[in-house]
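Structure at a glance
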Amino acid sequence: MGEPLRPSTVLPSKRELTKVRTEDGIELVVEVASPLNQSKGALLMCHPNPTGGGMMDSHVYKKAANRLPALADLTIVRFNTRGTSSDQGVSTGTYDQAKLEKHDVEAMVHFCLDELKLENLWVVGWSFGTELTLKYARDSRIKGIILLSPPMMYTKEEELEFWSRDGRPILALVPEHDEYLSPSAAKVKFASIPHIEIIEGVNMKHLWLGEPSVQFVHNQIVKKVVPEKYPLPEEI
(Lines give C-alpha, C1' and ligand atoms only; values in the text may rest on other atoms or scores of the structure.)
Protein backbone atom coordinates (compact mmCIF):
# COMPACT_ATOMS: atom_id res chain seq x y z
CA MET A 1 0.00 0.00 0.00
CA GLY A 2 1.39 3.39 -1.05
CA GLU A 3 1.54 6.77 0.62
CA PRO A 4 -1.43 9.11 0.06
CA LEU A 5 -0.90 12.32 -1.89
CA ARG A 6 -0.29 15.18 0.53
CA PRO A 7 -0.06 18.96 0.06
CA SER A 8 3.72 18.63 0.38
CA THR A 9 4.07 15.85 -2.22
CA VAL A 10 6.71 16.61 -4.86
CA LEU A 11 7.21 13.99 -7.58
CA PRO A 12 10.09 13.74 -10.09
CA SER A 13 10.20 16.14 -13.03
CA LYS A 14 12.59 18.35 -14.95
CA ARG A 15 12.31 21.92 -13.62
CA GLU A 16 13.58 25.07 -15.30
CA LEU A 17 13.22 28.64 -14.04
CA THR A 18 13.52 31.23 -16.80
CA LYS A 19 12.25 34.63 -17.98
CA VAL A 20 10.11 35.60 -20.95
CA ARG A 21 10.05 39.13 -22.41
CA THR A 22 6.76 40.61 -23.61
CA GLU A 23 6.21 42.78 -26.66
CA ASP A 24 6.18 45.89 -24.42
CA GLY A 25 9.42 44.99 -22.64
CA ILE A 26 8.17 43.34 -19.44
CA GLU A 27 10.17 40.41 -18.04
CA LEU A 28 7.98 37.58 -16.77
CA VAL A 29 9.20 34.99 -14.27
CA VAL A 30 8.45 31.52 -15.65
CA GLU A 31 8.84 27.93 -14.49
CA VAL A 32 8.57 24.91 -16.77
CA ALA A 33 8.02 21.52 -15.11
CA SER A 34 8.39 18.71 -17.65
CA PRO A 35 7.87 14.96 -17.30
CA LEU A 36 10.81 12.60 -17.32
CA ASN A 37 8.89 10.63 -19.96
CA GLN A 38 7.75 12.07 -23.28
CA SER A 39 5.25 14.87 -22.72
CA LYS A 40 1.66 14.00 -23.72
CA GLY A 41 0.31 17.52 -23.34
CA ALA A 42 0.96 20.90 -21.78
CA LEU A 43 -0.84 23.36 -19.53
CA LEU A 44 -0.17 27.10 -19.54
CA MET A 45 -1.43 28.32 -16.16
CA CYS A 46 -2.86 31.85 -15.72
CA HIS A 47 -3.02 32.60 -12.00
CA PRO A 48 -5.61 34.37 -9.78
CA ASN A 49 -5.62 38.12 -9.17
CA PRO A 50 -2.37 39.34 -7.62
CA THR A 51 -4.28 42.02 -5.70
CA GLY A 52 -5.77 39.15 -3.69
CA GLY A 53 -2.53 37.21 -3.37
CA GLY A 54 -2.74 35.30 -6.64
CA MET A 55 0.56 34.18 -8.23
CA MET A 56 2.18 31.31 -10.10
CA ASP A 57 2.68 29.53 -6.76
CA SER A 58 -1.03 29.59 -5.87
CA HIS A 59 -1.62 26.16 -4.40
CA VAL A 60 -3.59 24.39 -7.16
CA TYR A 61 -0.95 25.39 -9.71
CA LYS A 62 2.07 24.67 -7.52
CA LYS A 63 0.67 21.20 -6.76
CA ALA A 64 0.01 20.65 -10.47
CA ALA A 65 3.67 21.37 -11.19
CA ASN A 66 4.71 19.10 -8.32
CA ARG A 67 2.54 16.16 -9.42
CA LEU A 68 1.20 16.16 -12.96
CA PRO A 69 4.46 15.77 -14.88
CA ALA A 70 4.96 12.45 -13.08
CA LEU A 71 1.34 11.32 -12.77
CA ALA A 72 0.03 12.41 -16.19
CA ASP A 73 3.07 13.12 -18.41
CA LEU A 74 2.01 16.76 -18.62
CA THR A 75 4.30 19.76 -19.01
CA ILE A 76 3.23 22.53 -16.61
CA VAL A 77 4.15 26.13 -17.50
CA ARG A 78 3.55 28.69 -14.76
CA PHE A 79 4.34 32.40 -14.79
CA ASN A 80 3.84 35.57 -12.78
CA THR A 81 1.93 38.26 -14.66
CA ARG A 82 3.38 41.77 -14.70
CA GLY A 83 4.03 43.20 -11.24
CA THR A 84 3.36 39.85 -9.52
CA SER A 85 5.77 38.28 -7.05
CA SER A 86 6.16 34.79 -5.58
CA ASP A 87 8.91 32.60 -4.19
CA GLN A 88 10.01 32.08 -7.80
CA GLY A 89 10.69 35.79 -8.33
CA VAL A 90 9.09 39.07 -9.39
CA SER A 91 7.87 39.95 -12.87
CA THR A 92 8.59 43.55 -13.85
CA GLY A 93 5.89 46.07 -14.67
CA THR A 94 2.64 46.94 -12.96
CA TYR A 95 -0.71 45.17 -12.58
CA ASP A 96 -3.20 46.56 -15.11
CA GLN A 97 -6.61 44.99 -14.37
CA ALA A 98 -6.53 42.55 -17.33
CA LYS A 99 -5.58 45.18 -19.92
CA LEU A 100 -1.81 45.19 -20.52
CA GLU A 101 -1.74 41.59 -19.30
CA LYS A 102 -2.73 40.88 -22.91
CA HIS A 103 0.97 41.09 -23.76
CA ASP A 104 1.82 38.65 -20.94
CA VAL A 105 -0.53 35.96 -22.19
CA GLU A 106 0.48 36.39 -25.82
CA ALA A 107 4.19 36.22 -24.92
CA MET A 108 3.64 33.06 -22.91
CA VAL A 109 1.64 31.37 -25.67
CA HIS A 110 4.44 32.23 -28.11
CA PHE A 111 7.01 30.84 -25.66
CA CYS A 112 5.09 27.57 -25.26
CA LEU A 113 4.37 26.99 -28.93
CA ASP A 114 7.27 28.57 -30.80
CA GLU A 115 10.18 28.18 -28.37
CA LEU A 116 9.34 25.11 -26.31
CA LYS A 117 7.47 23.54 -29.27
CA LEU A 118 4.88 22.08 -26.89
CA GLU A 119 2.10 19.97 -28.37
CA ASN A 120 -1.47 19.51 -27.16
CA LEU A 121 -1.30 22.88 -25.36
CA TRP A 122 -4.25 23.92 -23.21
CA VAL A 123 -4.54 27.21 -21.35
CA VAL A 124 -5.85 27.02 -17.78
CA GLY A 125 -7.15 30.10 -15.99
CA TRP A 126 -8.11 30.38 -12.34
CA SER A 127 -10.30 33.27 -11.17
CA PHE A 128 -8.68 36.44 -12.64
CA GLY A 129 -6.71 34.08 -14.85
CA THR A 130 -9.95 32.94 -16.51
CA GLU A 131 -10.52 36.52 -17.66
CA LEU A 132 -7.04 36.61 -19.23
CA THR A 133 -7.68 33.24 -20.85
CA LEU A 134 -11.04 34.19 -22.35
CA LYS A 135 -9.70 37.54 -23.58
CA TYR A 136 -6.29 36.67 -24.94
CA ALA A 137 -5.66 32.92 -25.35
CA ARG A 138 -6.89 32.92 -28.95
CA ASP A 139 -3.96 31.45 -30.87
CA SER A 140 -5.47 28.84 -33.20
CA ARG A 141 -2.84 26.26 -32.16
CA ILE A 142 -4.19 26.14 -28.59
CA LYS A 143 -6.25 22.96 -28.24
CA GLY A 144 -8.75 24.28 -25.70
CA ILE A 145 -9.19 26.26 -22.50
CA ILE A 146 -10.05 25.32 -18.93
CA LEU A 147 -11.62 27.79 -16.51
CA LEU A 148 -11.40 27.38 -12.73
CA SER A 149 -13.78 29.51 -10.63
CA PRO A 150 -14.54 32.08 -13.35
CA PRO A 151 -15.73 35.35 -11.73
CA MET A 152 -16.63 36.98 -15.08
CA MET A 153 -15.80 40.50 -13.91
CA TYR A 154 -13.73 41.72 -16.89
CA THR A 155 -14.81 39.46 -19.77
CA LYS A 156 -16.99 41.20 -22.35
CA GLU A 157 -19.87 39.79 -24.34
CA GLU A 158 -17.95 40.03 -27.61
CA GLU A 159 -15.21 37.86 -26.09
CA LEU A 160 -17.76 35.21 -25.21
CA GLU A 161 -19.10 35.47 -28.76
CA PHE A 162 -15.61 34.72 -30.08
CA TRP A 163 -15.52 31.44 -28.15
CA SER A 164 -19.04 30.61 -29.24
CA ARG A 165 -17.99 30.90 -32.88
CA ASP A 166 -14.59 29.31 -32.35
CA GLY A 167 -15.85 25.90 -31.29
CA ARG A 168 -12.75 24.67 -29.46
CA PRO A 169 -13.44 22.75 -26.23
CA ILE A 170 -14.01 24.79 -23.08
CA LEU A 171 -14.24 23.24 -19.63
CA ALA A 172 -15.43 25.33 -16.67
CA LEU A 173 -15.06 23.99 -13.13
CA VAL A 174 -17.35 26.00 -10.88
CA PRO A 175 -17.44 25.41 -7.11
CA GLU A 176 -20.87 24.82 -5.59
CA HIS A 177 -20.23 27.57 -3.01
CA ASP A 178 -18.24 29.96 -5.19
CA GLU A 179 -18.26 33.44 -3.74
CA TYR A 180 -18.37 35.17 -7.14
CA LEU A 181 -20.25 33.00 -9.66
CA SER A 182 -22.39 30.02 -8.69
CA PRO A 183 -22.86 27.03 -11.01
CA SER A 184 -26.41 28.13 -11.86
CA ALA A 185 -25.24 31.69 -12.58
CA ALA A 186 -22.39 30.31 -14.69
CA LYS A 187 -24.87 28.46 -16.90
CA VAL A 188 -26.66 31.75 -17.54
CA LYS A 189 -23.43 33.70 -18.08
CA PHE A 190 -22.09 31.16 -20.58
CA ALA A 191 -25.42 30.52 -22.32
CA SER A 192 -24.06 31.95 -25.58
CA ILE A 193 -21.43 29.17 -25.75
CA PRO A 194 -23.46 26.00 -26.40
CA HIS A 195 -20.46 23.64 -26.38
CA ILE A 196 -19.03 24.69 -23.01
CA GLU A 197 -18.88 21.92 -20.38
CA ILE A 198 -19.67 23.20 -16.89
CA ILE A 199 -18.88 20.86 -13.98
CA GLU A 200 -19.90 21.71 -10.44
CA GLY A 201 -17.42 21.19 -7.63
CA VAL A 202 -19.75 19.85 -4.95
CA ASN A 203 -19.16 21.35 -1.49
CA MET A 204 -16.21 23.35 -2.84
CA LYS A 205 -15.34 27.05 -2.79
CA HIS A 206 -13.57 29.58 -5.01
CA LEU A 207 -10.06 28.85 -3.72
CA TRP A 208 -10.33 25.04 -3.99
CA LEU A 209 -8.89 24.61 -0.51
CA GLY A 210 -8.22 21.09 0.79
CA GLU A 211 -6.80 18.01 -0.85
CA PRO A 212 -10.19 16.68 -2.14
CA SER A 213 -10.72 19.95 -4.04
CA VAL A 214 -7.22 19.92 -5.49
CA GLN A 215 -7.53 16.32 -6.64
CA PHE A 216 -10.96 17.05 -8.16
CA VAL A 217 -9.49 19.91 -10.22
CA HIS A 218 -6.43 17.95 -11.31
CA ASN A 219 -8.53 14.93 -12.26
CA GLN A 220 -10.96 16.95 -14.37
CA ILE A 221 -8.08 18.67 -16.17
CA VAL A 222 -6.35 15.36 -16.87
CA LYS A 223 -9.61 13.78 -18.05
CA LYS A 224 -9.91 16.53 -20.65
CA VAL A 225 -6.30 16.85 -21.78
CA VAL A 226 -4.86 13.32 -21.43
CA PRO A 227 -7.89 11.09 -20.81
CA GLU A 228 -5.81 7.93 -20.86
CA LYS A 229 -4.23 9.10 -17.58
CA TYR A 230 -7.60 9.51 -15.84
CA PRO A 231 -8.27 8.89 -13.01
CA LEU A 232 -5.12 9.99 -11.25
CA PRO A 233 -3.81 7.76 -8.44
CA GLU A 234 -4.57 8.88 -4.90
CA GLU A 235 -1.49 7.11 -3.59
CA ILE A 236 2.11 6.95 -4.74
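What you are looking at is a predicted structure, and each value in this text was computed from that prediction instead of being measured.

Notes on the nonpolar core
- Among the nonpolar cores identified, the biggest contains 41 residues, and Val 30, Leu 44, Val 77, Met 108 and Phe 190 are the most heavily contacted of them.
- For this core, the element with the most residues is helix H2 (residues 101–115), which contributes seven residues.
- Sequence-distant contacts of Phe 190, that is, excluding residues within four places in its chain, are made with Leu 134, Leu 147, Pro 150, Met 152, Leu 160, Ile 196 and Ile 198.
- Leu 5, Tyr 61, Val 222 and Leu 232 belong to the second-largest nonpolar core, a separate cluster that totals 32 residues.

A closer look at the environment of Leu 113
- Position of Leu 113 among the secondary structure elements: in helix H2.
- Measuring from C-alpha to C-alpha, the distance between Leu 113 and Ala 42 comes to 10.0 Å, with 71 residues separating the pair along the chain.

Here we look at the packing of aromatic side chains
- Per the stated rule, a full pass over the model turns up five aromatic pairs.
- For the ring pair Phe 162 and Trp 163, a centre distance of 5.1 Å and an interplane angle of 85° mean the geometry is edge-to-face.
- Aromatic side chains Trp 208 and Phe 216 sit 5.9 Å apart centroid to centroid with 25° between the ring planes, which places their arrangement in the stacked category. Across the pair, Phe 216 and Trp 208 agree in class, each one buried.
- The structure contains a cluster of three or more aromatic residues connected by ring pairs, namely Tyr 95, Phe 128 and Tyr 154.
- The ring of Phe 162 has Arg 138 sitting right over it, with the charged end atom 4.0 Å from the ring centre.

Reading the values: the criteria
Residues numbered from 1 in each chain as written. Predicted model: local features only at pLDDT ≥ 70, side-chain atom pairs only at ≥ 80, totals over all residues. Heavy atoms only, no water. Core = buried A, V, L, I, M, F, W, Y, C linked by side-chain atoms within 4.5 Å. Buried < 20%, exposed > 50% of the residue type's maximum accessible area, 1.4 Å probe, protein only. Helix = DSSP H or I, 4+ residues; strand = E, 2+ residues; numbered from the N terminus. Contact = heavy atoms within 4.5 Å. Phe/Tyr/Trp six-rings, centres within 6.5 Å; stacked < 30°, edge-to-face > 60°. Lys NZ or Arg CZ within 6 Å of the ring centre and 35° of its normal.

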